[in-house]
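Descriptive analysis of the structure
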Amino acid sequence: MDIAVQSPTVQVPSLNASTPLVQAGQVALRFLEDTGQEKKNQAFQIVQAMATAAVSNGVLLPHIEFESSALKELVAPNSGKQASGWLSPLWRQLENEQDRWLEGMVDTAVGLGAEYVPRLRKLEGSPAKYQLVAEALERSSSHEANSPTPPGGLRYTPAAVAAPGSLVSAGLRTGVLRHTVAFIAMAGAVITVLIALVVLSAWWLIVNGLQLNTPLTVAHLCLALSWGLIAWGTYRFFDFLAKLGDLGIVMAPEILLPFKEDNVTLELRPRNNERRGEFAFVRYTAVCPVCAGKVLLYEGGRDFRGRIVGRCRESPREHVFSFDQKLHIGNALRR
C-alpha cells in the first residue's frame, strides 16, 4: 500500500500514543529534532517523512510502506534521477545509521514513556517496498531508571559515530570497538613503539651530543626541538589514555573522527552482564532550554577545568550546561 501523506510540520510527541506505530513515529521525530538531523540531508528527510506518516496514519495501519517513486516525490520531487537510483544510496546510508541511532532512540523512547522504537526495513521485489515498523522497546539496566530533566536544565540524546577504520571494516560503522585480543595486541604494539621512539631518540641525542665539540648550531636546536615534540606528543597520548581509564569518557581527538563529525566523545564502557567491554564514539546533542538552539559537548576549558560541558551554538559563552555521562542530563552552569 502506498502512503503519500506528509504533515507540513513536525508532530509533537505525546505520552499517550495509542498504537505501536504512532509511538515509533513520535520517537523518530523527537530523536531527529533533538539531534538536529531532521534537515541534515535527504536520507534523514526520508525518515522524517516516514515517521510523520506513521504519526498521522499509525492508528489505522500496521506499518508505513512506500515505493521509491512515492518517497522521491515527497523528498526530492525536482531530482532528475530515476527513483530507484536516487533512493538506493540513501537507503544504504540509513541502514548503517539506524544501528548507530539505537541507543539514542531507546533513550528518547524512555523519556517519552513510549514502549516502541522505529525500525526501517526493505522488502525486495519489483518494485521494492520500503517500510517503517514498530519494534518493542528492549530496555537495558542503564535505562531502567530515567531521571527527570532538571528545572532549567536539559536532556542529552546520544547518537553513535562511526569508529576509525569503518571504511575498511563494516563492523566498526556502529561506532564501537570491542575489547578483543587483536585490539589489545594492536594497542600494546602502538604504545611500545611510542615508548621505544622516545627512549631511542633521547639516547641518540645524548650520545651524539657528548661526542660533538662544535659550537651549537641551528641543526642541533632543530634536533632537540624534534625530540621535544615527540616526547610531548607521547606524554599527551598517555595522559589521554589515563583520563579515559580513570573517568570513562573524554572528548575524542579529531584525528580519530570522520571529517564531517565533531564534538564527539570517546567512552570506555566496562564489561557487565549485558555486553563485553568496549570503546564507543558517541555524539551527544540537546535542545537549549533558553533559546532552543543546538547544544553540543566541549572540553570545559579554563572556566570549567577538568569537565565536559554542553555549550549552545547560539550563545556558547552564556548558555552552558553540565553533562552527566550516566544520566544524560545537565544543569545550567551560568546564572
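Moving on, we come to helix α3 (residues 68–75). For α3, the set of buried residues is S68, A70, L71, K72 and V75. Tucked into the core, α3 has its buried residues touching α2 (42–57), β1 (64–66), α4 (83–112) and β3 (129–136).

Turning our attention to the sheet that holds strand β2 (residues 116–123). What holds strands together in a sheet is hydrogen bonding between their backbones, with the strands either parallel or antiparallel. On the basis of which strands lie adjacent, the open sheet formed by three strands has the order β1-β3-β2 and antiparallel pairing. Two strands lie at the open edges of the sheet, namely β1 and β2, each paired on one side alone. With strand direction ignored, the average angle separating the axes of adjacent strands in the sheet is 25°. Bridging between β2 and β3 involves eight bridges; their strand directions are antiparallel. Across the sheet, residue L123 finds its bridge partner in β3, namely K129. Packed on one face of the sheet, helix α1 (residues 20–34) meets β1, β2 and β3 and runs near 95° to β2. Strands β2 and β3 of the sheet are contacted by α4, whose axis makes an angle of about 165° with β2.

Time to look at the pattern of salt bridges. Within the structure shown, the criterion is met by seven salt bridges. Put simply, D239 and K243 hold a salt bridge, and the shortest N to O gap is 3.5 Å. With D239 and K243 both in helix α6 (residues 218–247), this residue pair falls four residues apart, about one helical turn. Accessibility expressed as a relative area gives 25% for D239, which makes it partly exposed. Salt-bridge contacts for R283 lead to D262; the nearest nitrogen and oxygen are separated by 2.9 Å. Of this pair, R283 sits in strand β9 (residues 278–287) while D262 sits in the loop between β7 (249–251) and β8 (265–269); the two residues are 21 residues apart in sequence, bridging distant segments of the chain. You can call D262 partly exposed: its relative accessible area is 31%. When salt bridges that share partners are traced, they join D262, R283 and R313 into one network.

This paragraph deals with the packing of aromatic side chains. On inspection of all chains with the given rule, the structure shows five aromatic pairs. Relative to Y130, the ring of W91 has its centre 4.8 Å away and its plane inclined at 65°; by these criteria the two rings are edge-to-face. Of this pair, W91 sits in helix α4 while Y130 sits in strand β3, and the two are 39 residues apart along the sequence. Each residue in the set F31, F44 and W101 is aromatic and connected to the rest through ring pairs, giving one cluster.

What follows deals with empty space enclosed by the protein. According to the stated counting rule, one finds one cavity of 30 Å³ or more in the structure shown. In this structure, the largest cavity spans a volume of roughly 110 Å³. Every residue along the wall of the largest cavity is listed here: A28, V47, Q98, W101, L102, M105, V117, P118, R119, L120, L132 and E135. Looking at the lining of the largest cavity, the elements with two or more residues in it are α4, β2 and β3. Tallied by class, residues from the lining of the largest cavity come to nine nonpolar, one polar and two charged.

The next thing to look at is the confidence of the model for the chain. Looking at the chain as a whole, the pLDDT averages 79, with 78% of positions reaching at least 70. Per-element confidence in the chain ranges from a low mean pLDDT of 67 for helix α5 (residues 181–211) to a high of 96 for strand β12 (residues 320–321). Within the model, pLDDT remains below 50 along residues 1–17, and this stretch shows 35 contacts once partners closer than five positions in the same chain are excluded.

Let us now look at the nonpolar core. The biggest cluster of nonpolar side chains holds 41 residues, and the ones touching the most others in it are I46, M50, I64, L71, W86, W91 and L94. At the level of elements, α1, α2, β1, α3, α4, β2 and β3 are the ones that each hand at least two residues to this core. Ranked by residue count, the leading element in this core is α4, at eleven residues. When residues no more than four places from it in sequence are discounted, the contact partners of W86 are Q42, I46, S68, L71, K72, V75, A76, S79 and K81. With 16 residues, the next largest nonpolar core counts L154, V176, V282 and V295 among its residues.

What counts, and at which threshold
- The residue numbers shown here count from 1 along each chain, following its written sequence.
- Only residues with pLDDT of at least 70 are given local features in this predicted model, and only at 80 or more are side-chain atom pairs given and counted; all residues enter the totals for whole chains, interfaces and linings.
- Computation of side-chain values covers all heavy atoms of the structure but excludes hydrogens and water.
- We call a residue buried when its accessible area falls under 20% of the maximum for its residue type, exposed when it is over 50%, and partly exposed in between, using a 1.4 Å probe and counting protein chains only.
- Strands are runs of DSSP state E lasting at least two residues, helices are runs of H or I lasting at least four, and both sets are numbered from the N terminus onward.
- In this analysis, two residues are considered to be in contact whenever any of their non-hydrogen atoms come within 4.5 Å of each other.
- Being paired, for any two strands, means DSSP has found at least two bridges between them.
- Only C-alpha atoms enter the line fits that serve as axes; for helices the fit covers just the stretch in contact. Angles between N-to-C directions range over 0 to 180 degrees.
- Here a salt bridge means any side-chain nitrogen of Lys or Arg lying within 4 Å of a carboxyl oxygen belonging to Asp or Glu.
- Only rings of Phe, Tyr and Trp enter the pairing, Trp through its six-membered ring, and a pair is recorded when the two centres are within 6.5 Å. The plane angle decides the type: under 30 degrees is stacked, over 60 is edge-to-face, the rest tilted.
- Of the grid points, spaced at 1 Å and generated over the protein atoms alone, those admitting a 1.4 Å probe that cannot get out make up cavities, while open sets with protein on both sides within 12 Å along at least five of seven lines make up pockets; any residue with an atom within 4 Å of a point is treated as lining.
- Grid points are joined across faces, edges and corners, and a volume is the space filled by probe spheres set on the points.
- Any residue that is not Ala, Val, Leu, Ile, Met, Phe, Trp, Tyr, Cys, Pro, Asp, Glu, Lys or Arg is counted as polar, Gly included; the first ten are nonpolar and the last four charged.
- A score from 0 to 100, pLDDT tells how confident the predictor is in each residue.
- Among buried residues, the Ala, Val, Leu, Ile, Met, Phe, Trp, Tyr and Cys ones that are joined through side-chain atoms within 4.5 Å form a nonpolar core.

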